[in-house]
Amino acid sequence: MLNFILRRLATIPISILIVTAVTFFILRLTGDPVELYLDITRTPEQEALLRQELGLDQPLIVQYLQFLADIVRLDFGRSLQFQAPAIDIVVQRLGATFQLIGAALVIALVVGLVGGLVSARYKDRTADMVISSLAVAGQSMPSFWLGILLVQLFALNLGWLPTSGTGGWQHLVLPSVTLAAFIAPNLVLITRTSVLEITDELYVTTARSKGLPRLRILLRHILPNALNPIISFFGLQVGRLVGGSVVTETIFAWPGIGRLMIGAIYQRDVPVVVASVIIVALAIIIANLLVDLILSVVDPRIRLD
Amino acid sequence: MMADAEPAGRPLLEVEALTKHFPVGRHLLRRAPRHVLRAVDGVSLTVARHSTLGLVGESGCGKSTLGRLMIRLLEPTSGRIVFDGIDIATADPAALRQMRSRFQMVFQDPLGSLDPRVRVGDSIAEPLGILGEGSPKRNLERAAQILSLVGLDPSVMGRYPHEFSGGQKQRISIARALIVSPQLIVADEPVSALDVSVRAQIVNLFQDVQEKLGLSYVFVSHDLGIVRHVADHVAIMYLGKLMEYGVAREVLREPAHPYTRALVATIPPPRPLKERPRAAIVGDLPNPIDIPRGCRFASRCPLVQPICREEEPELRALDDGRKAACHFA
Ligand SMILES: Nc1ncnc2c1ncn2[C@@H]1O[C@H](COP(=O)(O)OP(=O)(O)OP(=O)(O)O)[C@@H](O)[C@H]1O
Ligand SMILES: [Mg+2]
């Protein structure tokens, strides 16, 4: 187990290396840093001085290594919009994003598991038809559109919830429901399929043949075994959730890392863009590692070493 | 071990005109299915106390379906299943649950029949805890006893199923069936998935257990060699119906039905001879959704006569007491 964790941790630098390389070269391809710092009235002398200061007169590979060295020291430079180190600003916003993703995960998990279980239990009956159709429809509906509809209904028409911003739990409801909608429909369908699959297993038949109560069979034999695909699904969806949170934060003016990143891109605030990309990449890698660890804990057949 | 030695005078299990029809190709909107597959099509038989009924037939003839119906793991379409005097085909769920421990099942696939996430000790002891018999400690002790009965060391109780070999897993499955002290075990091809080298051990285990505990088996197999070894009575099944049914020794020594004769011809002899009779049954099994009129074996029968294609033969008693469904038996 420890061995496995260490090995996985050892692969993090490789992933980070790839992410940084892509980030670095895209940044260089899409604009000259000098333009960011100096406006149109700059003199050629000022420009040359800055190029030297920023190391832009060095070969590209040297610049990249310099860029890497800064990242390793978590030194992303100072934000151009906010007068503070980029990393501090990103870390400050991390909490809001975690809150949003956490709430969305809980909602998606409850809706997905309950919906999937009910659907499987009443397979081919009305309840299943309704739930499955909703899930399929939800899968194909753009979630940002759902977000806008929710705002229209609950914030503007009914006035029950705020349209955007932060404050009490009321502010969290619409954004987290919208973000949950990114993954909940898939989760319903995956839960349904995997519960139905396990229900056909012989050990479930055996449990029935013992006369064990239905609920006991469901909780002890079906659900734990149906969990593997569900947990793996979360591993695959972390990236989607992060992407979804960028959209959601933008719609609801939620002060998280996603909205920060979008703003930074518009402002060409490169230090903040780089810092948030790296932090998000790290978070996704760690989330996937956690998923593997959870899988190995809940399934005795999975040996990590 | 013969049926005559019944203590209560009545058979342990009596199945009468049992049918199971599976709907296939259901219409999208209408309730009625497009076709029915008659997997079990009017089977009547009995299982005597302290004895073994062998259930034989080609793949797809309905052995597993019949086995599951007998202990109502499947809902019958029609027919009676009388277990020790009680009709379990119509028993309500609560009453049925009360009775479930009296009949158990062992499956072919030893891995699939054990929950991969439950330690084998807990797996075996589980029904005791739920059906409320003793303390957890007593229940695990009982599980340990049963494990030794099936030839496993009780020290393995804390392990997970994937840590065992196929034969060991099948021993665990047997232990798990035995823990509730059943009177009947339906064993559905319990050795077919095992290495040839361990088959005999498991077959012998079934026999030892029967001798010690005096329970009955329905032993499903397509291997007539094994059936001849374990079964007191044998039922030969073809496309959902019994073709021949009687005392195993007699039926297998001198088959009355052409289908049984063809099956028997394919048993490898006890001592391998130079040449074996092979592939005595020619032609494919007819489609079970579209069972032909008349005798269902007619399309492959070497002795087929015109009447066979017109009239379906009843399963009727012959002079020596066995039954066969053939116009010419
Ligand atoms: N749940 C089901 N739905 C529809 N058809 C089924 C179902 N279960 C079994 N059948 C069909 O019923 C027939 C009998 O199947 P069954 O499994 O009882 O045969 P079997 O004799 O046990 O075969 P095998 O030797 O391959 O195990 C087959 O044609 C099978 O396809
Ligand atoms: Mg079968």
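Quick note: structure is the one above.
Rules of the game
Residues numbered from 1 in each chain as written. Chains lettered and ligands numbered in written order. Predicted model: local features only at pLDDT ≥ 70, side-chain atom pairs only at ≥ 80, totals over all residues. Heavy atoms only, no water. Helix = DSSP H or I, 4+ residues; strand = E, 2+ residues; numbered from the N terminus. Buried < 20%, exposed > 50% of the residue type's maximum accessible area, 1.4 Å probe, protein only. Contact = heavy atoms within 4.5 Å. Areas by Shrake-Rupley, 256 points an atom, 1.4 Å probe, with all protein chains shown as cover. Near = heavy atom within 4 Å. Polar contact = N/O pair within 3.5 Å; in protein donor to acceptor, adjacent residues only side chain to side chain. Nonpolar A, V, L, I, M, F, W, Y, C, P; charged D, E, K, R; others polar. Pairing = 2+ DSSP bridges. Buried area = accessible area lost by both parts, 1.4 Å probe. Salt bridge = Lys/Arg side-chain N within 4 Å of Asp/Glu carboxyl O. Core = buried A, V, L, I, M, F, W, Y, C linked by side-chain atoms within 4.5 Å.

Asker: Pulling in residues and values, what's your account of the overall build of chain B?
Answerer: Looking only at helices and strands, chain B has nine helices and twelve strands in total. A total of 329 residues make up chain B; the buried ones form 51% of that total. A sequence separation of at least 24 residues applies to 64% of the contacts in chain B between residues at least 6 apart. When the accessible area of chain B is evaluated, it comes to approximately 15200 Å², of which 51% is carbon and sulfur surface.

Asker: Which residues make up the site of ligand 1, and what values do they have?
Answerer: All names here are of chain B. Near ligand 1, the surroundings consist of 13 residues, among which S59, G60, K63, S64 and T65 are the closest. G60 is positioned such that a nitrogen or oxygen atom in its backbone is 2.7 Å from an oxygen atom of ligand 1. Its free accessible area being 630 Å², ligand 1 has 63% of it covered by the protein chains. Of all elements in the fold, only β2 (33-47) and α1 (63-70) reach the threshold of two or more residues within the shell around ligand 1. Among the elements that line the shell around ligand 1, the one with the most residues is α1, at three residues. Looking at the shell around ligand 1 residue by residue, the classes come out as five nonpolar, five polar and three charged.

Asker: I'd like to hear about the pairing of strand β8 (residues 216-221) of chain B, residue by residue, with values.
Answerer: All names here are of chain B. Burial analysis of β8 places six of its six residues in the buried class, which makes it a mostly covered element. Because side chains alternate across β8, one face comprises the buried residues S216, V218 and V220, and the other comprises Y217, F219 and S221, equally buried. Pairing between strand β3 (residues 52-56) and β8: five bridges, direction parallel. Residue V56 lies in a different strand from β8, and its bridge partner there is S221.

Asker: Lay out the interface of chain B and chain A with the relevant residues and their values.
Answerer: Each side of the interface is counted separately: chain B has 25 residues, and chain A has 21 residues. In total, chain B and chain A occlude about 2300 Å² of area from one another, counting both sides; carbon and sulfur atoms represent 57% of this. The interface formed by chain B and chain A holds two salt bridges in total. Close ionic contact of A:R216 with B:E126 constitutes a salt bridge, the shortest N to O distance being 2.9 Å. Here chain B and chain A share 14 residue pairs in polar contact (both at pLDDT 80 or more) between them. Listing elements by their share of the side of chain B that touches chain A, those giving two or more residues are β6 (103-106), α3 (120-130) and α5 (166-178) of chain B. Split into classes, the residues belonging to the side of chain B that touches chain A amount to twelve nonpolar, four polar and nine charged.

Asker: Residue-level account of helix α10 (residues 202-209) of chain A, with values.
Answerer: Because the α-helix completes a turn every 3.6 residues, residues three or four places apart line up on one side. Within α10(A), seven of the eight residues are buried, leaving the element largely enclosed by the surrounding structure. Buried residues of α10(A): A:L202, A:Y203, A:V204, A:T205, A:T206, A:A207 and A:S209, and no others. For α10(A), the secondary structure elements touched by its buried residues are α9 (184-199) and α11 (214-252) of chain A together with α1, β6 and α5 of chain B.

Asker: Which residues make up the sheet that holds strand β11 (residues 316-317) of chain B, and what are the values?
Answerer: All names here are of chain B. Pairing in this open sheet of eight strands is mixed, and the strands run β6-β7-β8-β3-β9-β10-β12-β11 from one edge to the other. Two strands bound the open sheet, and with one partner strand each, they are β6 and β11. Of the strand pairs in this sheet, strand β9 (residues 233-238) and strand β10 (residues 241-247) are connected by six bridges, and their pairing is antiparallel. Looking at β10, one finds that I236 is bridged to E244.

Asker: How would you sum up the nonpolar core? Please name residues and give values.
Answerer: Among the nonpolar cores identified, the biggest contains 58 residues, and B:L147, B:V150, B:I174, B:L178, B:F206 and B:Y259 are the most heavily contacted of them. Not counting residues within four places of it along the chain, the set of residues in contact with B:Y259 comprises B:G57, B:E58, B:I236, B:M237, B:Y238, B:M243, B:I281 and B:F297. Core analysis: the second largest hydrophobic core is formed by 46 residues, A:F233, A:L260, A:V272 and A:A275 among them.

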